[in-house]
Amino acid sequence: MTSLLLSPAEQDYIIRGVESGFRADGRGSLDRREVSLRTGMISQANGSARCRIGNLGVGTDVLVGVKAEVNTWAPGEPEDLGSIVCNVECSPSAAQEFEGRGAEEINVELTQLLDRILNGPQSGLDLKKLCIIPKQAYWVLHIDALVLDVKGSIVDTLVWATRAALMSTSLPRVVVETIADEMGNMQAEFDVVDDPDDLTPLEGAKNLPISVTFSQIGKRYVVDASEQEEAVTQARLTVAVSPAMEICAIQKGGMFRGFPPSLLTEILETAQRIAREELTKFDIHYAQAKLHLSSQAEEPSTGSTFLVQF
Amino acid sequence: MLRNKSFVKRTRKGNIVRTVKEHYLRDDIACGYESCKHPVCLSARSEAEEQGKTLVGDVHPAAPLSASPRNSTQWGPHYLVPDTNAFVNQIDILERPIINNVVVLSTVLDELRGLSMVVYNRVRAIVRDHERRWFVFSNEHHRETFVDRAADESPNDRNDRAIRIAVKWLGKHLEGSNIRPVMVTNDEDNLRKAIADGVTACRMEECLGVYTECPELLDMMGSVNITDRSGTDPNWEGYAEYLSPVQIQAGIKASILVQGTLQIAPYNYLEGSIFAAFPDGKERRVLVIGRKDMNRAIQGDRIAVQILPRSQWRKAPSAALVDEDEDAVPDAKAEAEATQAAPSVPDTDKTNEGRARKRARVAGEKLANGGSAATETAEVKEDGEGHEELGEFVKPADIEDDSQDGEPTGRVVGVIRRNWRSYCAFLDPNFAHKGAKASSAPVSVSVLAMDRRIPKIKIRTRQVDVLSGQRFVVAIDSWPKESRYPHGHFVRALGDAGDKATETEVLLLEHDVPFQPFTKNVRADLPPEGDKWLLDVDRDQVTSGKRRDLRHIDICSIDPPGCTDIDDALHAFRLPNGNFQVGVHIADVTNFVKPNTAMDKEAAHRSTTVYLVDRRIDMLPELLGTNLCSLMSNVDRLAFSCIWELDQDATIVNVTFHKSVIHSKASLTYEEAQNRIDDPSLNDSITNNIRDLNMLAKKLRKRRIDAGALTLSSPEVRFRLENDSQDPVDVEMKALKETNALVEEFMLLANTSVAAKIYEYFPDSAMLRRHPEPPAQNFDNLQHALKPLDIQLETGSSLALAQSLDRAVLASDPYFNNLLRILTTRCMMQAQYFCSGSCTPEEFRHYGLATGIYTHFTSPIRRYADVMVHRLLHASIDRDAVYGSELTDKIKMNEQCDVLNHRHRMAQQASRSSVELYTNLFFKGKTVEETGYVTQILQNGFGVLIPSYGIEGVVYTAAKDAATPSVLEYDQDSHALVSPDKKSEIRLFRRVRVILQVDDKPVSANVSSMRRKLSLRLIEPMIVGLSIEVEELNALRAAKKTKAANADDDGKIVELVAKHPEQIQTI
């Protein structure tokens, strides 16, 4: 994805390495890098998470905030559904080519990808639950992702962070009350419960898919491609797999090659297997992140602990 | 940092915002006890001293809690720590100066701010008053008293726990000092938990029991359960439940409901109305009739209203309610009426309507259709084909003007914002007689507010005997739906009813007039030289040329006799070119009142000087108003001058504005000025100036009237008061002299010129005054009444109106034209201050004065609007003038305009009430026969104006008891009251003779004597059953004669002098 400049010798080294089952950083072709995950990073947001793949200093880092807003229904919109609006932005400091307007293209690409995964029944989120009053008001979840650092495998990191952010999202409770008009039709209005602790977690966030991105290098493919590997990737396939092991989104990227159907089947099967492992890993990390958050809150301290450790 | 405190709220736009704040805990918060030995408290005190917070009196501002607080046998020396509800419900008690040494927890303050800003501000004000020794303890930021909300704890429970923990901590902290903090709460659960926790706690009653010297404190307890008679009344089914705020919002949004501020008719407390904006953008009046439909809403509340079915709309005029002696009367009467007159009305609408509404409906049907209710019902059904059946609520969007259905009525379905205040009231005499005597046990009584628009209020009191015959202040706490009347509590006694001082205080309180003496802070802003203040040519910028020296010009002032606050002076002389130079000099108040000082804020709050018959409530401290700013003769005074060059026709050649210093040569009364004009032997320069001014004024006036300025009339009276007692001994109408008009003319000219100038420089934030054109329907009743007299009022423009008024003369009755002008005045809209940015230039018009733009500039001593205009004008003429946002902030200016308009209106009403009070005092025990004119037709009475006293009263045609039907019936076609035999009728403008009486029975005898109403009884025309009987009349006349013979006339009479606002300002 990035246009890291590699000499033909370096390229050759990576391609041949991958073809013979060795990757430049020593991983096997289906090995993933270490992940660290934190939630509740942004206090003003309804849910947030930061996910880093790779070690400190060399890794891909994505911060996602979820902000819920109430929208008034307008004719032409679905009558009883909420909606999700995604926006991905790559920080100019994440990579050199993002400077200036360099990130525009990738921003659009990632935004669309995220939107395809999340906005619809395939995401597992119950959008009906985001409707407050049909044909009147509904919740819009603004998912704003900021890519802070890019060292390969940006899509998977983004989905990880988004998943964690949505799982940590809770909405203020709203109370809907109705009044009958002269025709006997009910007119409704809602009010928000002003209690910071009376929140409802986002329904169906646990069903959100996880993505696995395969990068074809030479005759083989790898998952969780590093920056160098991405520079020599000819084709890329992102597969989103739900916890029910259903494949809910596939996106092909990379313009140098395509995938033969036989390889595609293999990839999809592999994707399911990896997704299962990734989901387990996600759950552990997410639980740890939650634990970290609550342990932080428990310790009263009058000292200045402005910097929250990441 | 400890915590993020977060909360969610809905913004006005409907979005939901989550806010997160950081919350820090500290361990250096002091306890507030003045001699606490704890190191933290010691250092806090010394730190405060270093910062220069020295003792105020003997109170340490940083630690005000006294070392020797109140001692009680139960707790020993103690501090009170009330919880939030104690403040909300009992603020009237806590405000009493006797309650001191109170700890206000920050938890409580935070809660208060959310619950009631009014109470919060009152608590804050007490805390600022160091003498009271109240202390705010920041327990929320104290490390040892902060508590976190437990998992399943409600925010309320958490706050209660925080309060308990804070009290406990204080108790421990103060252990060595022998002083105990006592938590005051009326929450049983909290109380129990506190005691279980070892915290000293008590109920409000117990805590007040300590103040044995003030037993009335217990009476002031708010929100106690009041046992209600109506609870046992089988006919009383309670009020309808309100809709929830969210439902109301939905209803208004969906145009099912309309909202507005409830205005109760002054003559009928069961008739209210709102002006509501309808979906088509127009504003219409919606009536709310009867207690049931008003559903616990009180005068001034902002309410949501559902429009009733068209069949229940009202077609009859308003009925005046005779008396509220017995609450069952109107309802019972209505019921009787309903059953008598309309036996054939189908019962379809019985399900959802109250009795009172039925009364209105039935009356309407009866009147609209000549008494045949049955046909009326049929008709309603006919024209309501299909979409509207009897009994269906009407959607506001379906309402159109000129509908045949009468005026829309509605019922209150919710209160959006309460507008409860304290009310001056008196004990319901019916209760006072029944009341248990000589018992200290509290009894429930109902009290009547002086403001007739307020329903009876139930209070509990232990001092029935003391209170009967007294005026006192009560506050409303709540109005549960089971109770017919609101529940309230006693606040303080004002004094005996009928006593002049008491009654004056009542009227000041009732009109929301701030009449307390000026505070120390305000007085501190006065010039330090006091009355020794002298012009300093350097300081006052005369030498630098910023202020023009006009001391050489012959300036004089013309005012009513005895006027001490002279805010205007004039001069005129001929210029070499034959034109005139005319100057209006206005006291330069803004030289002394600088923006945002305490004095400025106080003046802005007061907004206007209020003139009562016997006293004046100043807007500015006396030193300024009657001395330094008063343009007295023969002293140097600072002024703001408006100087024109006028040609022979009084056309403006040019105009300039200056800050100036003047030396008035004479302060004349209107009469003196008039005499100078008329005396041909006088030829001094001042007299000649006045003659020139008079000549020019006449030309100006003519031009103004040609342009359509209205000459309206309102009856103004002046009292002659006895020197010592200030009792009124005579009433007379005010006479106007030519010189009044002279001064008025130039003031108008100055105001108009200034308005144009400030609008030019501040197109968005000039403070102006406008007078909207009255809508034609305001004149409907008047036109109707004029028809038989063959007089037509042209209301198209002010010019047409003025001309048709001039034409409307009856040879038979010279007073008729005056009367017509009085009635026309009542059809006018209120003139109001506004900020130029909030209206289109077309709306700037002043209808009554027929000018395109107008403002108030000429009376800065007694009107705050003028102070603002002075600042604006100064900024317009002086490039170097420094001014802040107070002159440019549109929003602030608009808010100030609202305050000014409100105060102005209140001040006028207060003056009127004061006149009324003195009228009643004057007529006390007297019986006077007078000629009057009918000015108002009501369903069960008519209003009569008595020109010689300028008073107005109602003659009731229906007796109080429901048994006897009204002598006169209302006839809609002629808008008159007609007797059944059609022989006699009462219509507008009719001349009548009446007898005026004020009951001189003991004040507590009945409601009307408590109200001190003037009663009017008809003598002529003679209508059987209504007019006073001949025998009785003769008896009265005879009694009067003997009285007159006995009356001893003492000559010590002075004429009361109060400079009433010029006549022009009433419009």
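What you see is a predicted model, and the numbers here were worked out from it, not measured in a lab.

Caption draft 1: Broad picture of helix α22 (residues 738–761) of chain B. Relative to the 34 Å expected for 24 residues at 1.5 Å per residue, α22(B) spans 35 Å between its end C-alpha atoms, a close match to the ideal helical length. Of all 24 residues in α22(B), 17 are buried; the element is thus mostly enclosed.

Caption draft 2: Region of the structure containing the packing of helix α20 (residues 670–678) of chain B against α22(B). All names here are of chain B. For the pair α20 and α22, the least separation of the axes is 8 Å and the interaxial angle reads 100°. When the axis of α20 is compared with that of α22, the two are roughly perpendicular. Contacts between α20 and α22 involve Y670, A673, Q674 and I677 from the former and E738, T739, N740, L742 and V743 from the latter. In terms of residue class, the contact of α20 with α22 is made up of five nonpolar, three polar and one charged.

Caption draft 3: How the structure looks around the sheet that holds strand β34 (residues 951–956) of chain B. Residue and element names in this part refer to chain B. In spatial order, the strands read β34-β33-β32-β38-β39; together these five strands make up an open sheet with antiparallel pairing. Each edge of the sheet is formed by a strand with only one pairing partner; in this case those strands are β34 and β39 (1014–1020). When strand polarity is set aside, the average angle formed by the axes of neighbouring strands in this sheet is 45°. Summarising the sheet, strand β33 (residues 941–946) and β34 pair through six bridges and their orientation is antiparallel. Pairing of I946 across the sheet is with I951, part of β34.

Caption draft 4: Molecular detail of the pattern of salt bridges. Under the counting rule described, the total for this entry stands at 60 salt bridges over all chains. In this structure, K253(B) engages E189(A) in a salt bridge whose closest nitrogen and oxygen atoms are separated by 3.1 Å. Here K253(B), found in helix α9 (residues 245–253), pairs with E189(A), found in strand β9 (residues 186–192), and the two come from separate chains. For E189(A), a relative accessible area of 0% translates into the label buried. Ionic pairing is found between E241(B) and K481(B), a salt bridge with its closest N-O pair at 3.9 Å. Note that E241(B) is positioned in the loop between α8 (216–219) and α9 and K481(B) in the loop between β18 (470–478) and β19 (487–496), a separation of 240 residues in sequence. Shared partners join several salt bridges into a network, and the residues in it are D25(A), R27(A), R33(A) and D224(A).

Caption draft 5: The environment of M893(B), seen in detail. Residues and elements named next belong to chain B. Its place among the elements puts M893 in helix α27 (residues 890–923). By relative accessible area, M893 is classed as buried at 1%. Sequence separation between M893 and M767 is 126 residues, and the spatial gap between their C-alpha atoms is 7.6 Å. Not counting chain neighbours up to four residues away, the residues in contact with M893 comprise S765, M767, C835, M868, E886 and L887.

Caption draft 6: Spotlight on the sheet that holds strand β9 (residues 257–261) of chain B. Residue and element names in this part refer to chain B. Spatial strand order, β9-β13-β14: three strands in an open sheet with antiparallel pairing. Looking at strand neighbours, the two that pair on one side only are β9 and β14 (410–417), the edges of this open sheet. Going across the sheet, the axis of each strand differs from the next one's by a mean of 30°, ignoring polarity. Taken together, the five bridges between β9 and strand β13 (residues 302–307) define a ladder with antiparallel strand orientation.

Caption draft 7: Seen up close, the confidence of the model for chain A. Here chain A averages 85 in pLDDT, and 91% of its residues register 70 or above. Predicted confidence for residues 299–310 of chain A stays below pLDDT 50, and this span has 15 contacts to residues more than four positions away or in other chains.

Caption draft 8: Spatial organisation of the nonpolar core. Counting 89 residues, the largest nonpolar core has V582(B), L742(B), F746(B), M767(B) and F857(B) as its most contacted members. Sort the elements by how many residues they give to this core and α22(B) lands first, with nine residues. Once residues lying within four places of it in the same chain are set aside, the contact partners of F746(B) are L570(B), V582(B), V584(B), W644(B), L646(B), L693(B), L696(B), A697(B) and L700(B). Among the nonpolar cores identified, the runner-up in size contains 76 residues, and A161(A), A188(A), F190(A) and F214(A) belong to it.

Cut-offs and rules
Residues numbered from 1 in each chain as written. Chains lettered and ligands numbered in written order. Predicted model: local features only at pLDDT ≥ 70, side-chain atom pairs only at ≥ 80, totals over all residues. Heavy atoms only, no water. Helix = DSSP H or I, 4+ residues; strand = E, 2+ residues; numbered from the N terminus. Expected span 1.5 Å × (residues − 1). Buried < 20%, exposed > 50% of the residue type's maximum accessible area, 1.4 Å probe, protein only. Axes fitted to C-alpha atoms, helices over the stretch in contact; angles between N-to-C directions. Parallel < 35°, antiparallel > 145°, perpendicular 65-115°, else oblique. Contact = heavy atoms within 4.5 Å. Nonpolar A, V, L, I, M, F, W, Y, C, P; charged D, E, K, R; others polar. Pairing = 2+ DSSP bridges. Salt bridge = Lys/Arg side-chain N within 4 Å of Asp/Glu carboxyl O. pLDDT = per-residue confidence, 0-100. Core = buried A, V, L, I, M, F, W, Y, C linked by side-chain atoms within 4.5 Å.

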